[in-house]
Amino acid sequence: MSAETRPGAAACTTKGWFAAHKWLILRRLSQFSVIGLFLLGPLAGIWFIKGNLASSLILDTVPLSDPFVLLQTMFAGHLPETTALTGAAIVLVAYALVGGRAYCSWVCPVNVVTDVAAWARRRLDLRGGVRINRRTRYWVLAMVPVAAVATGVIAWELVNPVTLTFRAIVFGAGAAWMVVLAVFLYDLFVAERGWCGHLCPMGAFYSIVGTVSLVRVSARDRGACDSCMDCYAICPEPQVLSPAVRGGETGAGPVVLSPNCTNCGRCIDVCAPDVFAFTTRFNTEVDDGDKAQPEVMRKAA
Amino acid sequence: MSDRSQPMDRRRFLADTARAACGVGVFGLALGLMAGQARSRPAQALRPPGAGPEDDFLGACVRCGLCVRDCPYDTLKLAALGDDVAVGTPYFVAREVPCEMCEDIPCVVACPTGALDPDLEDIDDSRMGLAVLVDEETCLNFQGLRCDVCYRVCPLIDKAITLESEHNVRTGVHAMFIPTVHSDACTGCGKCERGCVLEEAAIRVFPRHLAKGRQGDHYRLGWQEKAKRGESLVPGLVDLPDRLPEFKP
C-alpha cells in the first residue's frame with residue numbers, strides 16, 4: 001500500500017500528524033498507564049493498585065472486579081463475596097458510561113497486539129484470509145458459561161488471552177507470550193481483525209454492557225464526508241460505521257449506536273474533513289443542516 | 001424474486017448457525033477436557049489457607065493474585081502458563097517457602113471472592129495439607145539419632161508433631177524418638193518439610209486428600225464401643241483358655 005492510499009494519509013496532510021493520531025496516542029497512553037500502574041507496586045513498591053484485571057484493589061480501599069470473570073465463578077457454582085460484587089458493579093457502571101468496548105480499546109493489552117497485526121496487514125497489503133462471522137463471538141460468549149457449569153471450573157480463564165496476557169505482564173510470563181504470539185499471527189495471516197472483532201467473548205460481553213453506554217462517536221458532520229473510505233479501512237469494526245455515516249440517505253441518526261463500536265476514536269483521527277467526534281448517545285445533532293433530522297423523520301414515519 | 005430468495009436465506013442462516021455453533025462447540029469440548037486436566041495438581045503444590053477442595057477452589061478463584069501480593073513472606077505465587085498448576089491460581093511449595101502462618105491471615109483478608117474462606121479466623125484451623133513422614137529409611141530420628149528438626153520448627157509443636165519414644169532394636173539399650181504427625185492439629189504449613197535437614201525431605205506436606213486414609217463408615221472398633229458403653233457389647237462372653245501346642249523335646 002503506497003503512502004498516499006494509506007488510511008489517514010489525507011488527514012495527516014490537512015490536520016498534521018499529531019491531530020491525525022490524537023486518539024491513538026491517548027489510547028496507547030491509557031493502555032500502558034494501566035499496565036504501568038499495576039507494575040508500580042512490584043517494581044517500585046508504590047502500591048496504588050494491586051491485583052490484575054480480573055480483580056484489583058485501588059489504594060487498599062476501592063475494589064474493582066471484572067464482571068465477565070466474576071460471572072464465570074457464579075456459573076461454576078460459587079457465590080462471590082461482596083467485595084468482588086461491589087468491584088464488578090463499579091466496573092459495570094463505569095463502562096456503561098464510557099462505552100462497553102472502551103475496555104477493549106482503552107484498557108485491554110491484547111488490543112495493542114491485534115492493532116499492530118492490523119497495521120502490519122495494511123502495510124504488507126495482506127488481503128483475504130479466513131472469513132469468520134462476526135457473530136461467532138456471541139457463540140463463544142454463550143459457550144463460556146456452559147463450560148463453567150459443565151466443569152465447575154472457570155474454564156475460559158485457562159485460555160483467555162486477555163487475562164493471561166495481563167497476568168503475565170504483572171506477575172511473570174511463563175509461556176503466556178506464546179498465546180500473545182498466536183493471537184498476533186492469527187490476526188496477521190489467518191483472519192483480519194480475527195480475534196477481537198470475531199471471536200473474543202470478552203469483547204462480546206462488553207459489547208452487551210455497551211448497548212446502553214453514554215459516550216459514543218457521532219458522524220455529526222457527515223455532510224462533509226468525501227467518501228474516501230479511510231474510516232472504514234482503519235475501523236476494527238467497520239460495519240458499525242455505515243448506519244451513522246450513510247444515515248443521511250436512510251434517515252438514521254449520526255451517532256454510532258452499534259455496541260460493537262469500541263470507542264477507539266480512530267475514525268476521528270483519520271478523517272480529513274473531521275466528520276466524527278465523541279459525544280453522547282443522546283446528542284443526535286447534525287452539524288450542517290443535514291436533511292435527515294432523525295427525530296423529525298421518526299415522528300413522520 | 002424475494003419469494004425465491006427467502007428459503008435460500010433461511011438455508012444460509014441455518015448453515016451459518018450450525019457452523020458457528022458446531023465450531024464453538026468443538027472448541028468448548030476441548031476446553032472442557034482441558035479444565036478436567038487442570039484439576040490434577042501436583043502433590044507438592046499447596047493452596048493458601050482457607051482454600052476449599054480443589055474443585056470448589058478452581059470455580060471460585062478469579063486468579064487476581066491479591067493473596068499473592070499480600071503474602072508478607074512471598075510464600076504464595078501465581079501459576080504461570082506452562083506450570084503444572086491451573087494457570088493463574090495461587091499456590092506454594094513447602095520445600096521452597098513454607099507458610100509462616102500469620103495470625104491476621106492477610107491472604108484470606110485480601111481474597112475478594114471468598115475463594116479463600118473469610119470465616120477462617122484462626123490460622124491454626126487452616127488445613128493447607130498434611131505432613132507425612134514419608135521415608136523412615138532416611139529420617140535421622142528413625143536411625144536413632146536426635147535430629148528433631150521437624151518437631152522443633154513446627155509452629156504447633158507437641159500438638160501437630162510429637163516425639164514418640166520407641167525401643168531402639170539396633171543398639172538394644174537406647175530409645176528412638178519418632179516424629180509423629182497428628183492430623184487433627186497439623187495445618188500443612190510446611191515448615192517441617194522446609195526444615196528437614198536431608199538432601200530430599202523425609203517429611204513432606206501433601207494435599208490432605210492424598211495424605212489421609214478413611215475408614216469405612218460402618219467400622220466399629222471394639223475397644224472404643226466398649227468404652228462408650230461402659231461394658232462389653234457381648235456380656236457374659238466366656239474367655240476360653242488358649243491352647244498352645246504341647247512342647248515335645
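No experiment lies behind these values; they were computed from the predicted model shown.

Cut-off values and rules
Residues numbered from 1 in each chain as written. Chains lettered and ligands numbered in written order. Predicted model: local features only at pLDDT ≥ 70, side-chain atom pairs only at ≥ 80, totals over all residues. Heavy atoms only, no water. Helix = DSSP H or I, 4+ residues; strand = E, 2+ residues; numbered from the N terminus. Rg over C-alpha atoms; globule rule 2.2 N^0.38 Å. Buried < 20%, exposed > 50% of the residue type's maximum accessible area, 1.4 Å probe, protein only. Contact = heavy atoms within 4.5 Å. Areas by Shrake-Rupley, 256 points an atom, 1.4 Å probe, with all protein chains shown as cover. Lys, Arg positive; Asp, Glu negative; His and termini not counted. Charge placed at Lys NZ, Arg CZ, Asp CG, Glu CD. Core = buried A, V, L, I, M, F, W, Y, C linked by side-chain atoms within 4.5 Å. Domains from an automatic or database assignment. Buried area = accessible area lost by both parts, 1.4 Å probe. Salt bridge = Lys/Arg side-chain N within 4 Å of Asp/Glu carboxyl O. Polar contact = N/O pair within 3.5 Å; in protein donor to acceptor, adjacent residues only side chain to side chain. 1 Å grid on protein atoms, 1.4 Å probe; cavity = no way out; pocket = protein on both sides within 12 Å on 5 of 7 lines; lining within 4 Å. Points joined across faces, edges and corners; volume = space filled by probe spheres on them. Nonpolar A, V, L, I, M, F, W, Y, C, P; charged D, E, K, R; others polar. pLDDT = per-residue confidence, 0-100.

Would you mind showing me how to read the overall build of chain A here?
When its secondary structure is counted, chain A shows 16 helices and five strands. In terms of overall size, chain A behaves like a compact globule, its C-alpha atoms giving a radius of gyration of 20 Å where 301 residues would be expected to give roughly 19 Å. Along the first, second and third principal axes, the C-alpha set of chain A runs to 55 × 45 × 40 Å. Burial analysis of chain A (301 residues in total) assigns 54% to the buried set. Taking as baseline every contact in chain A between residues at least 6 positions apart, the subset at least 24 positions apart corresponds to 74%. Carbon and sulfur atoms make up 67% of the accessible area of chain A, which totals about 13000 Å². Counting 26 positive and 21 negative side-chain charges, chain A places the centres of these two groups 3 Å from one another.

Whenever I open this one, the nonpolar core confuses me. Can you help?
Grouped burial of nonpolar side chains is what soluble globular proteins tend to show. Tyr103, Trp195, Leu241 and Phe276 of chain A are the most contacted members of the largest nonpolar core, which totals 111 residues. Both domains that meet at this core, namely domain 1 (3-18 + 214-300) and domain 2 (48-209) of chain A, each give it at least three residues.

Explain the domain arrangement of chain A to me, please; I cannot follow it from the model alone.
You'll often see interface size given as the accessible area lost when the parts meet. All names here are of chain A. With domains assigned, chain A is organised as domain 1 (3-18 + 214-300) and domain 2 (48-209). One C-alpha centre belongs to domain 1, the other to domain 2, and the line joining them spans 27 Å. Carbon and sulfur atoms make up 41% of the area that domain 1 and domain 2 hide from each other, which totals about 1300 Å². Looking only at domain 1, the three residues that lose the most surface to domain 2 are Pro236, Asn260 and Thr262, adding up to 29% of its buried area. Seen at the junction of domain 1 and domain 2, the total is three salt bridges.

What is the right way to read the interface of chain A and chain B from this model?
Residue-level contacts link 44 residues of chain A with 37 residues of chain B. Counting the surface lost from both chain A and chain B, the interface buries some 3200 Å², and carbon and sulfur atoms represent 71% of this. For chain A, the biggest contributors to the area lost against chain B are Trp139, Leu158 and Phe171 of chain A; these three give 20% of the whole. One can count one salt bridge joining chain A with chain B. The salt bridge involving Asp70 of chain B is made with Lys50 of chain A; its shortest N-O contact spans 2.6 Å. Where chain A packs against chain B, one counts 11 residue pairs in polar contact (both at pLDDT 80 or more).

Even after reading the chapter, I still don't get the layout of surface pockets, so can you show me in this structure?
To find the voids left in a structure, one rolls a probe of water-molecule size over its atoms. Residue and element names in this part refer to chain A. Taken as a whole, the largest pocket spans an internal volume of roughly 670 Å³. Lining the largest pocket are 27 residues, and of these Arg121, Glu192, Tyr232, Ala233 and Pro238 sit closest to its centre. When contributions to the lining of the largest pocket are tallied by element, the ones reaching two or more residues are helix H6 (109-123) and helix H12 (230-234). Here the residues of the lining of the largest pocket are counted per class, giving 14 nonpolar, four polar and nine charged.

It is not clear to me how the confidence of the model for chain B should be interpreted in this structure. Could you clarify?
In low-pLDDT segments, the atomic positions of the prediction should not be examined closely. Residues and elements named next belong to chain B. When pLDDT is averaged along chain B, the result is 89, and 97% of the positions lie at 70 or above. Mean pLDDT across the elements of chain B bottoms out in helix H1 (residues 2-38) (80) and peaks in strand S7 (residues 203-206) (96). Taken over the whole predicted complex, pTM reads 0.84, whereas the ipTM for its chain interfaces reads 0.83.

Even after reading the chapter, I still don't get unusual backbone geometry, so can you show me in this structure?
Excluding glycine, a negative phi dihedral is what most residues carry, and trans is how most peptide bonds are arranged. At Asn263 of chain A, a position not held by glycine, the phi torsion is positive, near 55°. Checked against the element boundaries, Asn263 of chain A lands in the loop between helix H14 (247-250) and helix H15 (266-270). Residue classification places Asn263 of chain A among the buried positions, given a relative accessible area of 2%. Phi is positive for Asp148 of chain B, which is not a glycine, with a value near 65°. One can find Asp148 of chain B in the loop between strand S4 (130-133) and helix H5 (149-153).

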